[in-house]
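As a plain string of letters, each chain reads:
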Amino acid sequence: LHRGSVRLESQVGEGSRFTVSLPWHKSVETVTTLPQPLEERAFTYPTLQKVLIVEDALPVAEQVTRYLAELGVNEVAVHALGTGSLDKALLFQPDTVILDLQLPDRSGWDVLAQLKGHPQTQAIPVLIISVVDEPGSKQNLGACDYLMKPFSRSQFQIAWRKLMRASQPPVEATSATQAPLILMAEDNEANISTIVEYLEVKGYRVAIAMTGKEAVQLATQLRPHLILMDIQMPEMDGLEATRQIRTERSLAQIPIIALTSLAMPGDRERCLEAGVNEYLAKPVSLKKLVNAIADYLKPINAGP
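Residues numbered from 1 in each chain as written. Predicted model: local features only at pLDDT ≥ 70, side-chain atom pairs only at ≥ 80, totals over all residues. Heavy atoms only, no water.

### Focus: helix H8 (residues 238-247)
Phase 1 of the analysis: Those residues of H8 lying buried are Gly 238, Leu 239, Ala 241, Thr 242, Ile 245 and Arg 246. Buried residues in H8, looked at end-on, bunch into an arc of 160°, giving them a common side.
Phase 2 of the analysis: Where the residues of H8 are buried, they touch helix H7 (212-222), strand S10 (226-230), strand S11 (256-260) and helix H9 (267-274).
Phase 3 of the analysis: Capping of H8 at its N-terminal end is provided by Asp 237; its side-chain oxygen lies 3.0 Å from the backbone amide nitrogen of Leu 239. (Buried < 20%, exposed > 50% of the residue type's maximum accessible area, 1.4 Å probe, protein only. Helix = DSSP H or I, 4+ residues; strand = E, 2+ residues; numbered from the N terminus. Arc of directions from axis to C-beta. Contact = heavy atoms within 4.5 Å. Polar contact = N/O pair within 3.5 Å; in protein donor to acceptor, adjacent residues only side chain to side chain.)

### A closer look at the nonpolar core
Phase 1 of the analysis: If you look at the biggest cluster of nonpolar residues, it comprises 26 residues, and the most contacted ones within it are Leu 183, Ile 227, Met 229, Ile 245 and Cys 271.
Phase 2 of the analysis: At the level of secondary structure, the elements contributing two or more residues to this core comprise strand S8 (181-185), strand S9 (205-209), H7, S10, H8, S11 and H9.
Phase 3 of the analysis: By residue number, the principal contributor to this core is H7, which donates 5 residues.
Phase 4 of the analysis: In this structure, Leu 183 is in contact with Ala 207, Ile 208, Ala 209, Ala 215, Leu 218, Ala 219, Pro 224, Leu 226, Ile 227 and Leu 228, ignoring residues within four places of it in sequence.
Phase 5 of the analysis: Judged by nonpolar contacts, the second largest core, of 20 residues, contains Ile 192, Tyr 198, Val 206 and Leu 259. (Core = buried A, V, L, I, M, F, W, Y, C linked by side-chain atoms within 4.5 Å.)

### Here's the deal with a nonpolar patch on the surface
Phase 1 of the analysis: A surface patch of nonpolar side chains, amounting to about 580 Å² of accessible area, comprises Val 6, Leu 8, Phe 18, Val 20 and Leu 22.
Phase 2 of the analysis: If you list the elements that add at least two residues to the nonpolar patch, you get strand S1 (5-11) and strand S2 (15-21).
Phase 3 of the analysis: Secondary-structure assignment places Leu 8 in strand S1. (Patch = residues over 30% accessible without salt bridge, like charges linked within 9 Å, V, L, I, M, F, W, Y side chains within 5 Å. Areas by Shrake-Rupley, 256 points an atom, 1.4 Å probe, with all protein chains shown as cover. Salt bridge = Lys/Arg side-chain N within 4 Å of Asp/Glu carboxyl O.)

### Side note on the pairing of S10
Remark: a regular strand shows side chains that alternate across the two faces of the sheet.
Phase 1 of the analysis: With 5 of 5 residues buried, S10 is to be regarded as a mostly interior element.
Phase 2 of the analysis: Every second residue of S10 is oriented toward a common face, with Leu 226, Leu 228 and Asp 230 on one face and Ile 227 and Met 229 on the other, all of them buried.
Phase 3 of the analysis: The pairing of S8 with S10 spans 4 bridges and is classified as parallel. Residue pairing in the sheet places Met 184 in a bridge with Leu 228 of S10. (Pairing = 2+ DSSP bridges.)

### A short note on the environment of Ile 98
Phase 1 of the analysis: Position of Ile 98 among the secondary structure elements: in strand S5 (residues 96-100).
Phase 2 of the analysis: For Ile 98, a relative accessible area of 0% translates into the label buried.
Phase 3 of the analysis: Placed 49 residues apart in sequence, Ile 98 and Leu 147 show a C-alpha to C-alpha distance of 9.9 Å.
Phase 4 of the analysis: Setting aside residues up to four positions removed in sequence, Ile 98 forms contacts with Val 51, Leu 52, Ile 53, Val 54, Val 64, Leu 68, Leu 127, Ile 129, Phe 156 and Trp 160.

### Here's the deal with the packing of helix H6 (residues 189-201) against helix H10 (residues 286-296)
Phase 1 of the analysis: Close contact between H6 and H10 brings their axes to 11 Å; oriented N to C, the two are set at 55°. Overall, the two elements H6 and H10 adopt an arrangement that is oblique. Crossing angle aside, the handedness with which H6 passes H10 is right-handed. Across the interface between the two elements, Thr 194, Ile 195, Tyr 198 and Leu 199 from H6 touch Leu 286, Lys 287, Leu 289, Val 290 and Ile 293 from H10. (Axes fitted to C-alpha atoms, helices over the stretch in contact; angles between N-to-C directions. Parallel < 35°, antiparallel > 145°, perpendicular 65-115°, else oblique. Left-handed = near helix turned anticlockwise from the far one by under 90°.)

Next comes the structure, spelled out in structure tokens:
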């Protein structure tokens, strides 16, 4: 098969020797580029392209800069003091600010108050990073999220998505020429990050609702092509949200896929009675989820 040979030499009392010969031909080296796994891909978010990092610890600033580069953000400025942070923001005009609380010359809370008190910077989303565990204060002062040090890449990406939602205008109603819009009702940030990125890679647009009430409001406002509904959500559970959505005549035909960790007897039946079309138990296979979505959106994907 390989045009080689096998030779045997044997002598009594001394042993045997096998010799295998295979021809070798120099060939042109070829390199095959394999697709990256989903978790290794860099997802670019064009609405946030300039970031000001107010951080005096160089390793942390470098870590954040590296994570931002993986997300497609390469225009980054670093300022190591609280003093001058507002002036730096006015000069650099960032899309977002990542702010440490424990700066060498003043508190990060003071810097945040300055940013939110100036008309040219008050609308800039701010992500707090700190070793101090006091996230409750951020809501009163206007920060979008609070990330405890040390933080991982995935934790940073989840916080980044919150900044994305804070900076983006509301999604407008869909048209036939746009990619299908999926409304995802889910309050778990890890699930949101994983599923949304996968769906975006598959070509879908995704809007996020983090409570049942918000799911009803966005369903009415956006008229999505399909809804992914978590059952266990704050303010209003997914079953009640589904019932309210189904009372709207214009929303009655929108497919709703329930995603839930419920595993008690009768849970599936209760979901179907509430008006969902499909029931998928968590942890859900992303491939199975996309296949289910594709099945329900076949008429849309097929076109006129």
